[in-house]
Structures are given as C-alpha cells and as structure tokens.
Amino acid sequence: MNGELGRMIMGRKFLAAVLTAMAGIAFGAAYPEIRELLTPGSFLSLEKDALLSKTVAFLLPVAAVLPWSDSFLGEWKSGFLKSSLPRCGRRSYVESKVLTVALSGFLAWVLAGVLMLGIYFIIYFPLEQQGSISLSAVTDFVAVLIRAGLTGGVVSTLGGICAVVSESIYMAWGLPFVGWYFCMILQERYVSGALWLYPPEWLKAEAQWGVNGLGLWLFLLLFLLSAMGILGGVLYEKLTSI
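Residues numbered from 1 in each chain as written. Predicted model: local features only at pLDDT ≥ 70, side-chain atom pairs only at ≥ 80, totals over all residues. Heavy atoms only, no water.

Undergrad: Would you explain the environment of Ser132 in this entry?
TA: For Ser132, the location among the structural elements is in the loop between helix 7 (90-124) and helix 8 (135-166). The class of Ser132 is exposed, set by a relative accessible area of 67%. As for Ser132 and Pro40, which are separated by 92 residues in sequence, their C-alpha atoms are 6.5 Å apart. (Helix = DSSP H or I, 4+ residues; strand = E, 2+ residues; numbered from the N terminus. Buried < 20%, exposed > 50% of the residue type's maximum accessible area, 1.4 Å probe, protein only.)

Right, dumping it as structure tokens:
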C-alpha cells in the first residue's frame, strides 16, 4: 500500500491533477475589488465560493481520474503484474489498488485546495481588517473541501471500474466525465427534485440532508464504499484470468 501510494503521489499525472484542480479553483473564484480593507476571513470565503463554482464542477471529474484510475491497465500491459502478483498475492494487490485509486481523487482535490488556500492567505490576509475569523467560516470551508475530496474519490474509483471492465484508458477517463454531466443534465431538465442526482449539490449541500447535513455525508461515504467494493470485485475477477 505504502509503495503504491508513493508511486501515485510522485507520478506526473498526480501533479497534473493537482495543477488542474488548482486552475479550476483559481478560475472559479470571484476576486474582490480592493477599495477598502476586506472583512476577516475573506480568503476563506473566496476559496469556498470558488469550490462551489461552475468551473470546479466542470474540472472535478477530470482532475479526479487523472492520477491513478487507469493504473491497473498500465501495470497489466507493461507486464508489471506478472512479477508483482506472485510476491504480494491477489488479495493484497486488490486491497492496495482499491485504496490508492480512491485516495488519488481525494488527495488531488484536498491538496489543491490547501495549496490555493495558502496562496490566497498570502495575497489577501494582509488586506483584511484586524479581527478574529469566525469558527463557522472555518468549518464551512473545511466541510466543502472534504466533500470535494470525497466526490473526487468517488469519481476516481468509478474511473478505476471503467478501466478494469473496458480495458481502455480512454473509457477510464471519459466515462466518469460523461456520467457526471449526464447526471447534471438529467436532474436539471427532467427530475429537478432529485438533488441527490446532481453532483454540484454534493459540494453545495443546499438541500435538506437531515440534521447538520449528515445525510449528505452518509450518502457520499456509502457511495464511495460501494464503488470501492465494486472495483475490488471486478479487479479480483480480472486477475483470475491473468
């Protein structure tokens, strides 16, 4: 697990995913006009609103699948599996692969959010009025960032499923993106009441999701765990034929 996670983080595609996510946040932000001092915590609200923008909604599935969703195909076609499977075993390989694929989409967006927050802090914090930042502003930002990470984990895992089933890198990258926008169009045009089907709502949490939005957290966690279970099943079945 540690070795594969390290290879994923040090890979070029993970860097590309983080830069793509950072670009989505940067272009999705509504930058304030500096005519007077900003309110305390403006750098937090700036990034939170950027994470809820249409630009991030467009790029989230792209950045999520880039780092590791297609990694099985590369290892299979390069012959890496022939040397690694006898040493680690199918079960260990599947567990490591499923966890790393899920973490790839999660870490790409969380890391991008943290890096952009540092940039916004350096730029805008000196321009803010003196005063304390409210706890609710901090918790709201962290909640949005974690939901973006969980959503990225779901999408990257779905990309992994597509990679194993289709045996195509293009399907691994393309099908989650198509499914993402199909859900958006379906909800916007035909089933407007089904907000659970609308991916941007998973970040915004504007609907009634129960006390403190716990229903949304439960939905995302169950979605992620279900996708991980399916990926583990199809991957283990695929390995039996190799």
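Undergrad: I would appreciate a short explanation of helix 2 (residues 12-28) in the present structure.
TA: Residues spaced three or four apart along an α-helix point in a common direction, a consequence of the helix completing one turn every 3.6 residues. Taking 1.5 Å of rise per residue, 17 residues should cover 24 Å, and helix 2 covers 24 Å from first to last C-alpha, within 8% of that figure. Buried residues of helix 2: Phe14, Ala17, Val18, Ala21, Met22, Gly24, Ile25 and Gly28, and no others. Mapping the buried residues of helix 2 onto a view down its axis gives an arc of 155 degrees, with all of them on the same face. Along helix 2, the residues that are exposed and aim more than 90 degrees away from the buried face are Arg12, Leu15 and Phe27. (Expected span 1.5 Å × (residues − 1). Arc of directions from axis to C-beta.)

Undergrad: Before we go on, may I ask you to explain a nonpolar patch on the surface in this structure?
TA: A surface patch of nonpolar side chains, amounting to about 460 Å² of accessible area, comprises Ile119, Phe121, Ile122, Ile123 and Phe125. Examined against the element boundaries, Ile119 turns out to sit in helix 7. Taking relative accessible area as the criterion, Ile119 reaches 35% and is therefore assigned partly exposed. (Patch = residues over 30% accessible without salt bridge, like charges linked within 9 Å, V, L, I, M, F, W, Y side chains within 5 Å. Areas by Shrake-Rupley, 256 points an atom, 1.4 Å probe, with all protein chains shown as cover. Salt bridge = Lys/Arg side-chain N within 4 Å of Asp/Glu carboxyl O.)

Undergrad: What should I look at first to understand unusual backbone geometry in this one?
TA: Note on backbone geometry: most residues besides glycine have negative phi, and most peptide bonds are trans. Despite not being glycine, Glu167 has its phi angle at roughly 60 degrees, a positive value. Along the chain, the position of Glu167 falls in the loop between helix 8 and helix 9 (169-189). Accessibility expressed as a relative area gives 34% for Glu167, which makes it partly exposed. Within the chain, Ala205 stands out as a residue other than glycine whose phi angle is a positive 55 degrees. Mapped onto the fold, Ala205 is located in the loop between helix 10 (199-204) and helix 11 (214-239). Assessed through its relative accessible area of 30%, Ala205 is described here as partly exposed.

Undergrad: Please clarify how the packing of helix 6 (residues 80-88) against helix 7 should be interpreted in this entry.
TA: To describe two helices that pack against each other, one gives the angle between their axes and the distance between the axes. Packing of helix 6 against helix 7 brings their axes to within 7 Å, and their N-to-C directions diverge by 110 degrees. As far as their axial angle goes, helix 7 and helix 6 are roughly perpendicular. Residues Leu81, Leu85 and Cys88 of helix 6 pack against Arg90, Ser92 and Tyr93 of helix 7. Its residues assigned to classes, the contact of helix 6 with helix 7 shows 4 nonpolar, 1 polar and 1 charged. (Axes fitted to C-alpha atoms, helices over the stretch in contact; angles between N-to-C directions. Parallel < 35°, antiparallel > 145°, perpendicular 65-115°, else oblique. Contact = heavy atoms within 4.5 Å. Nonpolar A, V, L, I, M, F, W, Y, C, P; charged D, E, K, R; others polar.)

Undergrad: I tried to follow the nonpolar core on my own but got confused; where do I start?
TA: Nonpolar side chains in soluble globular proteins tend to end up buried together. Core analysis: the biggest nonpolar cluster contains 62 residues, and Ile25, Phe72, Tyr93, Trp109, Tyr120, Leu235 and Leu239 have the highest contact counts within it. Top element by residues in this core is helix 7. It accounts for 12 residues. The contact partners of Leu239, leaving out residues within four places of it in the chain, are Phe72, Leu81, Leu85, Arg90, Tyr93 and Val94. (Core = buried A, V, L, I, M, F, W, Y, C linked by side-chain atoms within 4.5 Å.)

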